[in-house]
Amino acid sequence: VSGSVEVLSYWLGDLDGDRKYTMVDIVQLSQYVSGKQITLTDKQKMSADVNEDGIIDIHDVTLLSQWLLEADF
């Protein structure tokens, strides 16, 4: 059977794809959750579901904020 496979590489919480947790990620996620006019790609949506419960909500923003505060710069 012929076909194709697309592999999406992403880090949970890294919405801008720089492989770091930054305020940019939190701002983007917060804007999306609050209903601002922001569009996320499928890859960004996978990254945005930080707690992996299938829902992008304030709980993901909170967890990402905790990760940023704990990050070793």
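Residues numbered from 1 in each chain as written. Predicted model: local features only at pLDDT ≥ 70, side-chain atom pairs only at ≥ 80, totals over all residues. Heavy atoms only, no water.

**A short note on helix α3 (residues 58–70)**
When the terminal C-alpha atoms of α3 are compared, their 18 Å separation across 13 residues agrees well with the 18 Å that a helix rising 1.5 Å per residue should span. All of the buried residues along α3 are Asp60, Val61, Leu64 and Leu68. The buried side chains of α3 occupy one side of the element, clustering within an arc of 100° when seen end-on. Turned more than 90 degrees from where α3 packs its buried face, His59, Leu69 and Glu70 sit exposed. Residues of α3 that are buried in the fold lie against α1 (23–33) and α2 (42–48). (Helix = DSSP H or I, 4+ residues; strand = E, 2+ residues; numbered from the N terminus. Expected span 1.5 Å × (residues − 1). Buried < 20%, exposed > 50% of the residue type's maximum accessible area, 1.4 Å probe, protein only. Arc of directions from axis to C-beta. Contact = heavy atoms within 4.5 Å.)

**Quick word on unusual backbone geometry**
Positive phi, close to 60°, is recorded for Arg19, a residue that is not glycine. Looking at where Arg19 falls in the secondary structure, it is placed in the segment before α1. Here Arg19 falls in the partly exposed class, since its relative accessible area comes to 43%. The phi dihedral of Glu52 falls on the positive side, at around 55°, and the residue is not glycine. Assignment of secondary structure puts Glu52 in the loop between α2 and α3. The exposure class assigned to Glu52 is exposed, which follows from its relative accessible area of 57%.

**Digging into the nonpolar core**
Leu15, Ile26, Leu29, Ile38, Leu40, Ala48, Val50, Val61, Leu64 and Leu68 together form the largest nonpolar core, which totals 10 residues. Put simply, the parts of the chain that give this core at least two residues each are α1 and α3. Broken down by element, this core gets its largest block of residues, three residues, from α3. Excluding residues that lie within four positions of it along the chain, Leu15 makes contacts with Asp25, Gln28, Leu29, Leu40, Gln44, Ser47 and Ala48. (Core = buried A, V, L, I, M, F, W, Y, C linked by side-chain atoms within 4.5 Å.)

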